[in-house]
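Each chain, written out:
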Number of protein chains: 2
Amino acid sequence: MTDTSTREHTAPPQTAGSPGPLSPEELDRIHAWWRAANYLSVGQIYLMDNPLLREPLRPEHVKPRLLGHWGTTPGLNFVYAHLNRAITARDLDCMYVMGPGHGGPGPVAAAWLEGTYSEVYPDVSQDGPGMKRLFTQFSFPGGIPSHVAPETPGSIHEGGELGYALVHAYGAAFDNPGLVVAAVVGDGEAETGPLAASWHTTKFVDPARDGAVLPILHLNGYKIANPTVLARIEPEELTDLLRGYGHTPYFVEGDDPEVVHQQFAAALDRCLDEIAGIQRRAREDGVTDRPRWPMIVLRSPKGWTGPAEVDGHRVEGSWRSHQVPFANAREDDAHRQVLEQWLRSYRPEELFDDDGAPVPAVRDLHPQGPRRMSANPHSNGGLLLRPLRLPEFGDYAVPVAEPGTGAVEATRVLGEFLRDVVRRNPETFRLFAPDENNSNRLGAVLEATDRTWVARREPDDDHLAPDGRVMEVLSEHLCQGWLEGYLLTGRHGLFSCYEAFIHVVDSMFNQHAKWLKTTNGIPWRRPIASLNYLLTSHVWRQDHNGFSHQDPGFIDHVVNKKADVIRVYLPPDANTLLSVADHCLRTHQYVNVIVAGKQPALQYLDLDRAVEHCTKGIGIWEWASTDAGTDPDVVLACAGDVPTMEALAAAEILREAFPDLRVRFVNVVDLMRLQDDREHPHGLSDTDFDSYFTTDKPVVFAYHGYPWLIHRLTYRRSNHDNIHVRGYVEEGTTTTPFDMCVINGIDRYSLAIAVIDRVPRLRARGAHLRDRLHGQLIEHRRYVRANGEDLPEIRGWQWGSGGGPVVVGSGPLHEPED
Amino acid sequence: MTDTSTREHTAPPQTAGSPGPLSPEELDRIHAWWRAANYLSVGQIYLMDNPLLREPLRPEHVKPRLLGHWGTTPGLNFVYAHLNRAITARDLDCMYVMGPGHGGPGPVAAAWLEGTYSEVYPDVSQDGPGMKRLFTQFSFPGGIPSHVAPETPGSIHEGGELGYALVHAYGAAFDNPGLVVAAVVGDGEAETGPLAASWHTTKFVDPARDGAVLPILHLNGYKIANPTVLARIEPEELTDLLRGYGHTPYFVEGDDPEVVHQQFAAALDRCLDEIAGIQRRAREDGVTDRPRWPMIVLRSPKGWTGPAEVDGHRVEGSWRSHQVPFANAREDDAHRQVLEQWLRSYRPEELFDDDGAPVPAVRDLHPQGPRRMSANPHSNGGLLLRPLRLPEFGDYAVPVAEPGTGAVEATRVLGEFLRDVVRRNPETFRLFAPDENNSNRLGAVLEATDRTWVARREPDDDHLAPDGRVMEVLSEHLCQGWLEGYLLTGRHGLFSCYEAFIHVVDSMFNQHAKWLKTTNGIPWRRPIASLNYLLTSHVWRQDHNGFSHQDPGFIDHVVNKKADVIRVYLPPDANTLLSVADHCLRTHQYVNVIVAGKQPALQYLDLDRAVEHCTKGIGIWEWASTDAGTDPDVVLACAGDVPTMEALAAAEILREAFPDLRVRFVNVVDLMRLQDDREHPHGLSDTDFDSYFTTDKPVVFAYHGYPWLIHRLTYRRSNHDNIHVRGYVEEGTTTTPFDMCVINGIDRYSLAIAVIDRVPRLRARGAHLRDRLHGQLIEHRRYVRANGEDLPEIRGWQWGSGGGPVVVGSGPLHEPED
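What counts as what
- Along each chain, numbering runs from 1 in the same order as the chain's sequence is written.
- To label them, take the chains in the order written and letter them from A, then take the ligands in the order written and number them from 1.
- In view of the model being predicted, local features appear only for residues whose pLDDT reaches at least 70, and side-chain atom pairs are presented and counted only at 80 or more, with totals across whole chains, interfaces and linings using the full set of residues.
- With hydrogens and water excluded, all non-hydrogen atoms of the structure serve as input to the side-chain values.
- Only strands that DSSP links by at least two bridges are regarded as paired with each other.
- Elements are defined by DSSP. Helices are runs of H or I of four residues or more, strands are runs of E of two residues or more, and each kind is numbered from the N terminus.
- Where helices are involved, their axes are fitted lines through C-alpha atoms of the stretch in contact, as for all axes, and angles between N-to-C directions lie from 0 to 180°.
- Here, two residues are considered to be in contact whenever any of their heavy atoms come within 4.5 Å of each other.
- The span you would expect from a helix comes to 1.5 Å times its residue count less one.
- Only protein chains enter the area calculation, which uses a 1.4 Å probe; residues under 20% of their type maximum are buried, those over 50% are exposed, and those in between are partly exposed.
- By definition here, a salt bridge exists when the distance from a side-chain nitrogen of Lys or Arg to a carboxyl oxygen of Asp or Glu is within 4 Å.
- Here a polar contact is taken to be a pair of N or O atoms separated by no more than 3.5 Å, where protein atoms must pair a possible hydrogen donor with a possible acceptor and residues adjacent in sequence count only if both atoms sit in side chains.
- Gly is placed with the polar residues, together with every amino acid not listed as nonpolar (Ala, Val, Leu, Ile, Met, Phe, Trp, Tyr, Cys and Pro) or charged (Asp, Glu, Lys and Arg).
- Throughout the structure description, domain borders are defined by an automatic or database domain assignment.
- The patches reported here contain residues having more than 30% relative accessible area and no salt bridge. Joining distances are 9 Å for like charges and 5 Å for nonpolar side chains (Val, Leu, Ile, Met, Phe, Trp, Tyr).
- Note on areas: these come from Shrake-Rupley sampling with a 1.4 Å probe, and a residue is covered only by the protein chains present in the view.
- Charged residues are defined here as Lys and Arg on the positive side and Asp and Glu on the negative side; His and the ends of the chain fall outside this count.
- Taken as the charge centre is NZ of Lys, CZ of Arg, CG of Asp or CD of Glu, depending on the residue.
- Note on handedness: a crossover is taken as right-handed if, strands pointing away from the viewer, the path from the first strand over the helix to the second is clockwise.

**Q** Whenever I open this one, the sheet that holds strand E1 (residues 93-98) of chain A confuses me. Can you help?
**A** For sheets, the rule is that strands pair by backbone hydrogen bonds, running either parallel or antiparallel. Residue and element names in this part refer to chain A. Taken together, the five strands give an open sheet; going across it, the order is E1-E2-E3-E5-E4, and neighbouring strands pair in parallel fashion. Bordering the open sheet on either side are E1 and strand E4 (247-253), each of which pairs with just one other strand. Strand after strand, the sheet turns through a mean of 20° between neighbouring axes, direction not considered. Sheet topology places E4 next to strand E5 (residues 293-299); seven bridges connect them, and they run parallel. Across the sheet, the residue bridging to Thr248 is Pro294, located in E5. Taken strand by strand, helix H2 (residues 73-90) contacts E1, strand E2 (179-186), strand E3 (212-219) and E5, and its axis lies near 175° from that of E1.

Structure (structure tokens):
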């Protein structure tokens, strides 16, 4: 580690005679900009008329419902003003990620001052009527949210759910060598797990290839009602902590704006100089040691510049500033007077001209065009998005001589395709995994790149390099957050994860899906690449890890979000996985969930059939069906690799026992095909659905996940009452692969029994087979308890082997498992 | 902050001539115990016969499927051995929480050595046949999981999902002043968000009242395939980080067992001395400053004592040790020979007697009875659980003169009840919230206690104290984890959270629900208190916060788990909330989810009616119905406070317009009543269900959450096809409360229209009303867009006001909001 800093952790000390780096004129300009942004922020929270205070404040000028968060806003505005000075002085390409996103009025005010707001929302013009609209729309029906949000120009970050500022900032910085991402971390947010983990991204950012993140830890001391942890530990302890994260912290502290302006400007200059130095050493001198990145700690009063006291209670510098500092400003004359004094304290008459536009002295501070943080193209990543250069996925297809044979690890095949995606897109595509890339059989990508690692390396390490494109850390939060930041700034990626543990990021997924849904309605937001999940190591193959690793519920969670942003795929084999993955990597504005196993498994469809099947999303497998294109006696349906295999084995049992039974075999790849076309764009019409599932025949459906999801997706279909679903019912343990199916009733024997029980003309004829199948289940149970593995005829089964004792080993485990 | 340590961060240096604190005899004993535990661990992973190696290893002695994790196990065993020495020497009450829970063989081996395993599983006896069973059962069908699990005596921690070791340890330590919880934190796990946040619990543990947690950060260097971050930062940086967390770290490092034994013993002694000193100063000298707690960093090779090299690849000290270090030990003679040499290197003949029992030299190390960590009663918390002393909840009931009137904040009433629960149970009940206790209107509890806060306090702080019982931190992960640890060690608690953000802990909930489900099948595990969630600030009242704060999907997530461990309640008002909360606090082995609003709202049921309604869980509200006990034309059903109000208003519209329409009004408190009694213990029989919902009449159901859950719960009911559900459909924005209902179609007007559309005899007669209601919707939209608040007749509506313009304000907001 290269430590270029000394152990001085404060900016150069300011004395009375040493005014700091800002000339009086610069100081005035920054302070005027800050006053303007603060004025506009307070206006958004309180006013619906008289925006320029051209007349005394009357009750009807004040909003009836006062909503918003003042406390953090002046700090956000302060940092914004200073970044603007630095951007102009250094021609910086700089983005601003605001962790305390509740301070929504701040960035909205800044975007309006910079003119961006009126560019994208012309009716919110830079004049008095526009300012009135700016104020009224805030946290108002039909208006904008009170948090930093998709509606906010310049933001890639929704401020509602806290904890993701730093990880988003790093995602934006990766592969953007010219970019500086200033990330304000609130001291409330800093208590969250994801934020606490994010600091360690210092070990994953390459100073040669990636841009820089400048964290600004904003200690304003209070959360909603409590002090914050980081504001109440001793300064030395905080210094230790931040150095322990790999940073050199510079402390800026105070409540006198003039002093703090000078201190902050000095600290910012020093940090930007250090960043430039780090990058120069890495890029020009070839230094590969991990640098110690600078950061700023800004300790300022909560609700800074707000009223000091209201009704005898301290407000500025107290938790009472967190939200709206005082209520009833419409009805209560005294409160309204406090509000007016507060607004006038910013001297709006000096900040806005007769029309209400910012005066030149204010406008001059901010940079122009795309250098404005509110208009930085990285913050509207779709502007920069270029399609991936994808290899022909058919080139990676595995041959399938006979359907239902072979033993291929589907994700291993996918890994070869992804390897070449990495090769062809060396700056715009990354893979993310919680230390599971090889375990998930994507190891081939390491032929094209390495794992990102900027910490110390040792001789026995496997494929580690600062410029690796496989990002592995044992934190689903970091994988998700990095990828979100990377996508939101116009790049592409894939997150591979154990199926059960993707629930760790349920809430982050929620927020990203909401972002996509909202941006679909914002014309100036350009589409970004989809967020692709590959969920492997799935519920049916946790024989190694047991109950804690069994949970297929992420699909259910995803399906609760708006249909136009979510897609779920369950490719049954390697070639269908290739086809699905190729498709997903070409899409925009979706969350694609792909569930596919990594174990050696049967293959069903050659390339042509796979493409056709995936394009339709659902299909009848003629070769497995015995209904000869006519009306079936029963539909045997399946979705997911293990359920498909078991359903096929059940079909074989049935065709041997009842040669005249007409079984239609239906496989579903695109789960959303099951839904009504009025509810999901991929949904089948009722006519199409009925053509697969009939209107009156029994359907036995073997499904990968919790069975009720299939009911939910199909409850409006005319044949719904005849659909019998088998899936995971939270019965699990440490056992063999087939035994897991037996425990949950989706094994071949139980499925065959389910068919016998539902086809009227089999009830009598099927009794013998039924009894034999029950016997098989008992024999199975006895065998696995004694031998610890499945019966040879189960392990060796393939389509056409008819349940005979074809013994095939399950193959060696090449990769370490979680 | 009291810093009693110097900045020496290593245990006293060991020189050749200074053998350290262990006498040769003690060293031998510890080492023998460690060898025994390691031998038994390797045996579990590899063997199914010949457990004592009384004959050469033959293929059939080796398991056909090799599963488990060796890498972390010797480290866990090492720490266990040393803790045993200290427990005996100091008569410590000590628990062991093993973060690297994949190392399941270790604690199982320890429990067997200590005799506990054979006590709870008599067929796994302390002899040769028992050892054979011990080995065979590991990660074997019908056996035990490969991770630390509910089946493992002495554990409160499932080792499958990583990140919760430290937070569980702290939960165990709270209110247990005599307890020391040794918590091994794996360096993989340390990369997770929850673990990274957990370190800051040092600001929430009271040395006077609480027990101590001794973190042992185990750097074994590798995850599955990657190095770990904390093992690859510089030692000074790691020291800074751990000091920044508030600890004094002592480093122990090496691979020579003899040296490391001495170092670790010295470090452990020093830490335990410091802990005793900290507690004495707090308890006897009244020191209230936050102490700097000691901790240990143990850097040892991954797979320590395993084979150094296999097939030319380094194994000990490498990621190849993570799981099973080498495969094919059954078929491959060379590998089997390596295995036999490895096992014999522990010299089992010295460790186990002729019968296979541990020899006295091994047995003597461990403490006796409940001092054994595998038998510590805190680790089987149900043994210590005592029911809460609950006040009479009826004493807190609000009067309800007329149903559907008033304006009561339900959670504020609950807060008064909880205040007295805190008073009566000053050592066994805590409240947990992500800085939302007051925002969620539970402020009354602060009359009885304070918020836990051991960091620096300042004069303006509100109710902070080291011994407070309200635990607030801006991390749902910490709230959940602390509460889990507290419950698992036999205490009680409640977690109040914003509804949307409880998804942050989806995955932690999963694991806790799985723990409960599994322990229900383990007779020696005694029932623990239920985990109670209060989800307030719910989806329908996020007018303040907007779309990011709107998500009712936690209920869906919960309902995927086994029916016998989950309960969901939607009390519509204050008295029903009291009744439900009282019930939940008395239950065991459940996860109870209570969803209840915090805003001023109508009250429906007086105490007696509330108790009856909650006891039934579902009921017909006669006063709101017009079917006069006869066959209804339509059933208007509802669940949740806002849907109940809207459904009632719809009922009033309908009764005024169509005096002869027979509407049955059904309210559901206990959501699981809707499910089939074959699927959930609370489920209604079909007969009961039909008696509420009829078999053929239209049902219009206004539901709090995503509508499809109601379909899922009722899809087997005979009247299912007639059930029309309205709920949240992920359409949200920043708007007024009523407008949120309109946007999602659960408002009174839309519900009334839904009834008109579904009752055949209203189709013609209802056209005028239908048209008028559509007009109302348009008028509403126009009004809120102009005024930013709901129409007076909406804000002021109460049952009996008939939609007239009764203007009632929504009341001042007393508490700060998130």
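**Q** Just to check I follow, could you spell out helix H14 (residues 476-488) of chain B for this structure?
**A** Residues separated by three or four positions in an α-helix point in the same direction, a consequence of the helix having 3.6 residues per turn. All names here are of chain B. For H14, with 13 residues, the first-to-last C-alpha span of 18 Å sits near the 18 Å given by 1.5 Å per residue. Extensive coverage of H14 is indicated by the burial of 13 of its 13 residues. Once H14 finishes, Gly490 follows within two positions and takes phi at roughly 95°, a positive value.

**Q** Mind showing me how you'd approach the interface of chain B and chain A here?
**A** By a widely used convention, the size of an interface equals the accessible area lost when the partners come together. Contact with chain B, which involves 130 residues of that partner, is made by 129 residues of chain A. Linking chain B with chain A are 22 salt bridges, by the criterion used here. The salt bridge partner of B:Glu234 is A:Arg456, with a shortest N-O separation of 3.7 Å. Applying the counting criterion to the chain B and chain A interface returns 56 residue pairs in polar contact (both at pLDDT 80 or more). Among the secondary structure elements, those contributing two or more residues to the side of chain B that touches chain A are helix H7 (193-198), helix H8 (235-244), helix H15 (506-519), helix H16 (554-559), helix H21 (708-714) and helix H24 (767-787) of chain B. When residues in the side of chain B that touches chain A are grouped by element, the largest group, seven residues, is from H15(B). When the residues that make up the side of chain B that touches chain A are grouped by side-chain class, the tally is 43 nonpolar, 42 polar and 45 charged.

**Q** Would you take a moment to explain unusual backbone geometry for this structure?
**A** It is generally the case that most residues other than glycine have a negative phi and that most peptide bonds are trans. One non-glycine residue, A:Gln589, adopts positive backbone phi at about 65°. Residue classification places A:Gln589 among the buried residues on the basis of a relative accessible area of 9%. You will see that B:Asp91, though not glycine, has its phi angle at about 50°, which is positive. Checked against the element boundaries, B:Asp91 lands in the loop between helix H2 (73-90) and strand E1 (93-98).

**Q** Sorry, what's going on with the domain arrangement of chain A here?
**A** Once the domains are mapped, chain A shows domain 1 (25-377), domain 2 (393-398 + 405-602) and domain 3 (619-667 + 683-795). Once you take the C-alpha centre of each, domain 1 of chain A and domain 3 of chain A turn out to be 58 Å apart.

**Q** Looking at this structure, I do not really get a negative patch on the surface. What am I missing?
**A** All names here are of chain A. Among the surface-exposed residues, Glu25, Asp28, Asp255, Asp256 and Glu258 lie close enough to one another that they form a single negatively charged patch. Tracing the sequence through the fold places Asp256 in the loop between E4 and helix H9 (257-283). A relative accessible area of 38% means that Asp256 is categorised as partly exposed.

**Q** Whenever I open this one, the pairing of strand E5 (residues 293-299) of chain B confuses me. Can you help?
**A** Here is the key point about a regular strand: its side chains alternate between the two faces of the sheet. All names here are of chain B. The element E5 is extensively covered by neighbouring structure, given that six of its seven residues are classed as buried. In this structure, strand E3 (residues 212-219) lies alongside E5, joined through four bridges in parallel fashion. In the sheet register, Leu217 faces E5, and the bridge partner there is Val297. One crossover worth recording links strand E4 (residues 247-253) to the parallel E5 by way of helix H9 (residues 257-283), and it is right-handed.

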